Structure formats: C-alpha cells, structure tokens
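Here's the letter readout for the chains.
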Amino acid sequence: MKKIKSALISVYSKEGIEPIIRKLNELNVIIYSTGGTFDYIKSLGIETIAVESVTSYPSILGGRVKTLHPKIFGGILGRRDLPSDLQQLQEYQIPEIDLVVVDLYPFEKTVAATDNEAEIIEKIDIGGISLIRAAAKNFNDVVIIPSADEYADLSVILNEKQGETSLADRRLLACKAFNVSSHYDSHIFNYFNKETQLSVFKQSILEQTSLRYGENPHQKAIYHGNIADYFLQLNGKEISYNNMLDIDAAIALINDFEETTFAVIKHNNACGLASRPKLIDAWKDALAADPISAFGGILICNRKVDEETAKEINQLFFEIIIAPQYENNALELLKSKKNRIILQKKDFALNHKQFKTVLNGVIAQERDAFVEKAEDLKTQTTTLPANTEITDMLFANIVVKHTKSNAIVLLKNKQLLASGVGQTSRVDALRQAIIKAKTFGFDLNGAVMASDAFFPFADCVEIAHNEGIKAVIQPGGSVRDQDSIDFCNQHQMAMVFTGHRHFKH
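Every value quoted in this text rests on a predicted model; they were computed, and no experiment measured them.

Enquirer: Would you explain the sheet that holds strand β6 (residues 143-145) in this entry?
Expert: In sheet architecture, strand pairing relies on hydrogen bonds along the backbone and comes in two forms, parallel and antiparallel. Strands sit in the order β4-β3-β2-β5-β6 across an open sheet of five strands; the sheet is parallel. Here the strands that pair on one side only, and so sit at the sheet edges, are β4 (49-50) and β6. Across two bridges, the pairing between strand β3 (residues 30-33) and β4 is parallel. Along β4, the bridge assignment pairs Y32 with I49.

This is the structure in structure tokens:
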C-alpha cells in the first residue's frame, strides 16, 4: 500500500473536481496545479503550489508549455525503489508526485462543434496527455486519474481508504489511463487522416453497452457505441444483438426513400415495404407482402405515427417500431405492450465506412450509398419501359440493394410483392419470390423485377415472362447479356441496365 502525499492537478473542466480537492486538502496532501486549475483551487480557499514555482519557468507560448519540464516529469517518473532515481530527485530538488489528475482539452467535442482548424489544433492536448502517459507508466508508485470519468475511483480511494492505494488499484487506473490516451490519439489521427487517407484501421469507441447475449443465448455480446446518440427509447426492454443488426438494416433502407414509406424488416431484409400518400395505407400494403414474416419483426417508417395507423399496427405482434415522431395518443396505444421497443429516431447519418472482422483482421469498405435515378438507366431493349415501370424499377432497385444476395425483388405500384433472399442461385431467388407472391395472393402481371447482379443466362427473364412480368432492371455486365436482351425483345419485355451491382453479404 502507498499513501498519497502529493498531487498534481491539471484539468480543463472544473466540473466535479471540488469534492476531490477538498478531500485532498483534508488529508494534508500537497497540491500542485497549473493555470486555470491553480486559480480555481485558490478560489476555494485552499492552498496550492503553482507548477511555475517548481520549474522556475512561467507558462509560455500562450499556455502551450506549462508542465513539460524535468522537475515535473521527474517527480512523476522517479522510481521510489531505485536509489539512483531517489538520489537524482534530491540532487535536482525535484518533488515526488504521488497522484496526477488530468482532464484533457475536449478535442472530440471541438471537432464536432466547429470547422475552424486553428481552434481544433489548439485543442490537441500536449502537456495533459504527457502527464497521463508518464503517471501510468510509473503505476508502481503513482496514481493516475486520466479523466473526469475516474473521479469516482479517486473518491473511493480518498474517502474509504484515506488516500492509500494498492498496486492493483494503481495498475487498473494505469490501464484506464492508456485507454483514455489511445482513444484521444486515435481521434486526432482520424481527424488528420480525413484528407491524408492513409490506409490504416484505427477506431476507438469508449462507450459500450452489454447486450443480453449475441446471435444466440450462449454467445456474449457488447455494443461499442451510444445508442442514445441515435434514438430516444420510449418504451420496451433492452435492445439485443439481433435487434441492433435489424435496426441498422432498417435505417439504411428507409434513408433511401423520400416519399411516405413503411417497411417491415426480418433478419436484416425487407419482407414488406410500400410508399403511399397516407401512412396507414403504406403500412397496410407493406404488411400485405408477407404478414407471416412480419410477426415478431421490426417496423420502420419515415413519418410521424398517427393514432389511426397505430391502431392498425397494434394488432400485430412485433418487437420494435422506429419512427421520427409519434402522436401522443398513438404512443400511448403502442405502449400497451410493456416489452415492445419504441424508438424515436434522431437526425443522424450512418458512417460512410463499414467494417467486418475476417480471419482475425478487419476488412473495410465504403457504404453502398449509390441510388440510381432515371437518367442513370440505359434501356437495352426495343420495347421501352413506361414511366410507371421506370418508377417501379427504381423503387425495386432500392429494395434489392438492401436485400441479401443473391436477391430478386418483385414489385408493382410502389409495393413490394415478394423477394427472393440470400439464395445460392439467382434462379432459386426468383422462384422463391414467385412462390411467396402467389402465396399471399398477388397478381404478377404488370410487375417489375429487380436483380442485385447480372443474369448469366436468359433463364430468369424467361421465368419472369411466364409470370406476366413486363419490365426488368439489372446491373448488366455478363458476357451473355445479349441472351437476356434477345429474349426480352422477342417477348415485348423492357429491360434496363444500371451499371451498378448491389451485392450484400
């Protein structure tokens, strides 16, 4: 056990530090401090020693250099069990420092609040980060409090242990300190790397939430992030790992629609989706696509949920509903099921990069943010698509983009009729979609077909023709594209190429 006899305090924010300062004073701990912290401690009527009195140097360069001095870092890094270190501390009149308390300049908050690079650069902490690393390195002798988040740990040490710490205490705080410093440096690097674009994977997220379990009950899981940044949870149980995957897929899908749209998500894929002038109609037509799969699903829309729509929705068992707003009566109705998760979506953008762990490493890619427009379509057939077919094909192409490959989407009048999802062959995906559409009573005559990738043979367009499908949208790019084009020409079908594949795995 080691007793804290001296402390160096250098904090940007003074919030929460007063009780610690008063307790240190009560325990007769010598307090060294810097700049604004020195002024704050003096305002409390407590004695403190300015670091300038120790170093015999003033704060210089506009405050950029205050603590970077051998008389400060020697007192932190000096090894108390090494006679030669102790002799040098005495020779150069360097005071031992047993506790270092730091709160860094708010670099992340500054980046989020301004584009002024000069202001951002000045919020890169130099002295504070150096104090943290030095104190953490010498955890055998020194206690490090690297941020306000660790004030609670220090309070326990001061109030329950009267300023005494074990090696285990100090080592744990050192671990937390390097977590703080590495996180800080990662965000500085990523700020600079926005323009430099070094091919490096460096991400750091301090917030985390333990999830009930992973994909299955025997798997442990954690969400690294703060879901409160993206949603206000208005009702329901804790969000699970599988919920998180579905929510992410739902947000990515709904973000691509501007019209009033409702979607039903199951295992990351849309099993129902429709756009209509009224939300209640969008809901009814989305549900009609597959009311069986909708059971236990995730619902999402891009308009305020009204009471009329809520009454219809409430007849179905579902796990989660996501919307930008809810009418008061609608919200109270949806809250009738205590475990039902109700999320109010905040205004945020999904990260433009995506990451996955593969073979003990990480693969990274840009998010597939491309959404085709009418001018992007290249008609390949003698039969030209009608305007309504173009509208439906573009709509279907958004849905297929967000559907697991191999994927086929059948759609008519801005309503998903059925989709073939995650099949090992495109023909199987189409057949799956046809069977599902017929199961729920849809007439495929006049429907359009979207494919996430090219057709290697003409078999899919032939099957589609036999079901009454009149227009096809696909990326194109097969060496046998002409086979599909020829079949369409022979049977008065329209086909357009987008030039963009939309695989999703």
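Enquirer: Sorry, what's going on with the pattern of salt bridges here?
Expert: Should their charged atoms come close, side chains of opposite charge can pair. What the rule picks out here adds up to 16 salt bridges. In this structure, the salt-bridge partner of K2 is D141, at a minimum N-O distance of 3.3 Å. Of the two residues, K2 is situated in strand β1 (residues 2-3) and D141 in the loop between α8 (127-137) and β6; the sequence distance between them amounts to 139 residues. Its salt-bridge partner being E18, residue R22 comes within 2.9 Å of it at the nearest N-O pair. Pair noted here: R22 and E18 are both in helix α1 (residues 18-26), with a separation of four residues, about one helical turn. Through salt bridges with shared partners, one network takes in R80, E96 and D98.

Enquirer: Could you clarify how one ought to interpret unusual backbone geometry in this entry?
Expert: Cis geometry is adopted by the peptide bond preceding N406, which originates at S405 and carries an omega value of -10°. Secondary-structure assignment places N406 in the loop between α16 (387-401) and β19 (408-412). Phi at Q93 is positive, roughly 55°, even though this residue is not glycine. Among the structural elements, Q93 can be located in the loop between α5 (83-91) and β5 (99-103). Residue L359 is not a glycine yet carries a positive backbone phi of 50°. Residue position: L359 is located in the loop between β16 (353-358) and β17 (361-366). What makes L359 exposed here is its relative accessible area of 83%.

Enquirer: Can you walk me through α8 in this structure?
Expert: Residues three or four positions apart in an α-helix share a direction because the helix packs 3.6 residues into each turn. Of all 11 residues that make up α8, eight are buried, and the element is covered over most of its length. Regarding α8, the residues found buried are G127, G128, I129, L131, I132, A134, A135 and A136. Buried residues belonging to α8 abut β2 (6-11), α4 (70-77), β5, β6 and α10 (167-196).

Enquirer: Would you explain helix α17 (residues 426-439) in this entry?
Expert: Over its 14 residues, α17 runs 20 Å from end to end, which matches the ideal 20 Å to within 8%, given 1.5 Å per residue. Among the residues of α17, those classed as buried are R426, V427, A429, L430, A433, I434 and A437. Down the axis of α17, the smallest arc covering the buried residues is 160°, so these residues share one side. When the buried face of α17 is taken as reference, the exposed residues oriented beyond 90 degrees from it are I435 and T439. Those residues of α17 that are buried lie in contact with β19, β20 (415-420), β21 (448-451) and α18 (459-466).

Enquirer: Quick question: what am I supposed to make of the packing of α1 against helix α9 (residues 151-159) here?
Expert: Two numbers describe a pair of packed helices, the interaxial angle and the distance between the axes. As a packed pair, α1 and α9 sit with axes 10 Å apart at the nearest point and diverge in direction by 25°. By the angle class used here, α1 and α9 are roughly parallel. For the crossing formed where α1 meets α9, the hand is left-handed. Contact residues: α1 offers I20, K23 and L24, while α9 offers Y151, L154, L158 and N159. Looking at the contact of α1 with α9 residue by residue, the class counts come to five nonpolar, one polar and one charged.

Enquirer: So what exactly am I meant to see when it comes to the pairing of β17 here?
Expert: As a general feature of sheets, a regular strand has side chains that alternate between the two faces. Note that β16 and β17 share six bridges and pair antiparallel. If you follow V358 over to β17, its bridge partner there is G361. Joining the antiparallel neighbours β16 and β17 is a turn of two residues, in which L359 adopts a positive phi near 50°.

Enquirer: In this structure, what is going on with a nonpolar patch on the surface? I would like to understand it.
Expert: A cluster of nonpolar side chains, F201, F355 and V362, forms an exposed patch at the surface whose accessible area comes to about 250 Å². Along the chain, F201 falls in the loop between α10 and β8 (208-210).

Enquirer: What's the story with the packing of α17 against α18 in this structure? I'm lost.
Expert: Put simply, α17 and α18 touch, their axes get as near as 9 Å, and they point 15° apart. In terms of orientation, α17 lies roughly parallel with respect to α18. For the pair α17 and α18, the crossing hand works out as right-handed. Contact residues: α17 offers R426, V427, L430, R431 and I434, while α18 offers D459, C460, I463 and A464. In terms of residue class, the contact of α17 with α18 is built from six nonpolar, no polar and three charged.

Here is what the cut-offs are and how they apply
- Residues numbered from 1 in each chain as written.
- Predicted model: local features only at pLDDT ≥ 70, side-chain atom pairs only at ≥ 80, totals over all residues.
- Heavy atoms only, no water.
- Pairing = 2+ DSSP bridges.
- Helix = DSSP H or I, 4+ residues; strand = E, 2+ residues; numbered from the N terminus.
- Salt bridge = Lys/Arg side-chain N within 4 Å of Asp/Glu carboxyl O.
- Buried < 20%, exposed > 50% of the residue type's maximum accessible area, 1.4 Å probe, protein only.
- Contact = heavy atoms within 4.5 Å.
- Expected span 1.5 Å × (residues − 1).
- Arc of directions from axis to C-beta.
- Axes fitted to C-alpha atoms, helices over the stretch in contact; angles between N-to-C directions.
- Parallel < 35°, antiparallel > 145°, perpendicular 65-115°, else oblique.
- Left-handed = near helix turned anticlockwise from the far one by under 90°.
- Nonpolar A, V, L, I, M, F, W, Y, C, P; charged D, E, K, R; others polar.
- Patch = residues over 30% accessible without salt bridge, like charges linked within 9 Å, V, L, I, M, F, W, Y side chains within 5 Å.
- Areas by Shrake-Rupley, 256 points an atom, 1.4 Å probe, with all protein chains shown as cover.

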